[in-house]
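# Breakdown of the fold
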Amino acid sequence: MNAFEKSVRLEGERLVLRPFGLDDAPGLIEAIRAGEDFLPPNFPDVLEAEPIAWFLREGVHKVQRFGLGIHLAATDRDTGGLLGTIGLFKVSWDHLTSEVGYGMRRDVRGRGYATEALSLVTDWALRDCGLFRVELRAMVTNHASVRVAEKAGYTREGIARGAERDAAGVSQDMIVFSRIATDPRPGSAASGVPWRRSGGDSGRLVTQDEEGRPR
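Below you will find a few notes about this structure. Within each chain, residues carry numbers counting from 1 in the order of the written sequence. Owing to the predicted nature of the model, reporting of local features is limited to residues with pLDDT of at least 70; listing and counting of side-chain atom pairs is limited to 80 or more, with chain, interface and lining totals taken over all residues. With hydrogens and water set aside, each side-chain value is computed from the structure's full complement of heavy atoms.

### Here we look at the packing of aromatic side chains
When we look at a pair of aromatic rings, we describe it by the centre distance and by the angle of the planes. Two rings belonging to Phe, Tyr or Trp (six-membered ring only in the last case) form a pair when the distance between their centres is within 6.5 Å. Interplanar angles under 30 degrees mark stacking, angles over 60 mark edge-to-face geometry, and anything in between is tilted. On inspection of all chains with the given rule, the structure shows 4 aromatic pairs. Where F4 meets W124, the ring centres are 5.7 Å apart and the plane angle is 25°; that geometry is what we call stacked. You can see F4 sitting in the segment before β1 (10–11) and its partner W124 sitting in helix α4 (residues 113–127), a full 120 residues away along the chain. Partly exposed describes any residue whose relative accessible area lies between the buried limit of under 20% and the exposed limit of over 50%, with all areas from a 1.4 Å probe on protein chains only and scaled to the type maximum. The exposure class assigned to F4 is buried, which follows from its relative accessible area of 0%. Since its relative accessible area comes to 8%, W124 is described here as buried. Taking 5.3 Å as the distance between ring centres and 75° as the angle between the ring planes, the aromatic pair formed by F20 and F43 counts as edge-to-face. Highlighted residues: F20 in the loop between β2 (15–18) and α1 (25–33) and F43 in the loop between α1 and α2 (49–57), separated in sequence by 23 residues. Of the two residues, F20 and F43, both sit in the buried class. Criterion for a charge above a ring: Lys NZ or Arg CZ within 6 Å of the ring centre, and within 35 degrees of the ring normal. The ring of Y113 carries the charged tip of R14 above its face, separated from the ring centre by 4.1 Å. We count a stretch as a helix when DSSP gives it H or I for four or more residues in a row; a strand needs E for two or more, and each element gets its number in order from the N terminus.

Printed below as a string of structure tokens:
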């Protein structure tokens, strides 16, 4: 099973989430040159034209073709500019589960884009892709990611002790959040979660805090 085979375009109030393409080369080059930290670990980090072109044309789409996950560009709905990334990973079609991660450019953090992107992807995964559970993990000290998860209607399940090593090699505790298909959608009367933008824009595949520090 692979529910990611079809073309994906998710539109929100201010964002469009879509697959990466060659037109994203300028934005990716700018992010690499600026030393941005919102890109997932498997993205190019060296300014070499051919590897970047291959990655945007083929490499970034491999996990989607195999149904293992998906990387989407988070773009400004008005300008089309690259604001960040969001993706699903560790997808299990046997158990209908996935994890989610995201990252935003430094200059757009604190404006609620991460919450909007997370809500769009989660609703799509649970409603259209047939997944039952989407999980998000954030370091206990990453208050921005905690706010994003809560604003997007995720339920805090508990602490996974020593679940992930940080950049210094220290094992850190992670807060585990999830949304499942039977949860009320955020903003509905049944959810009890009012829909409003969050000030925290962090939580990528390697989650970053509000100031851009890796978790």
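### A few points about unusual backbone geometry
Positive phi, close to 50°, is recorded for K90, a residue that is not glycine. Note on placement: K90 falls in strand β4 (residues 82–92). Overall, the relative accessible area of 59% leaves K90 in the exposed class. Although it is not a glycine, L96 sits at a positive phi angle of roughly 60°.

Distances and angles like these do not, on their own, reveal function.
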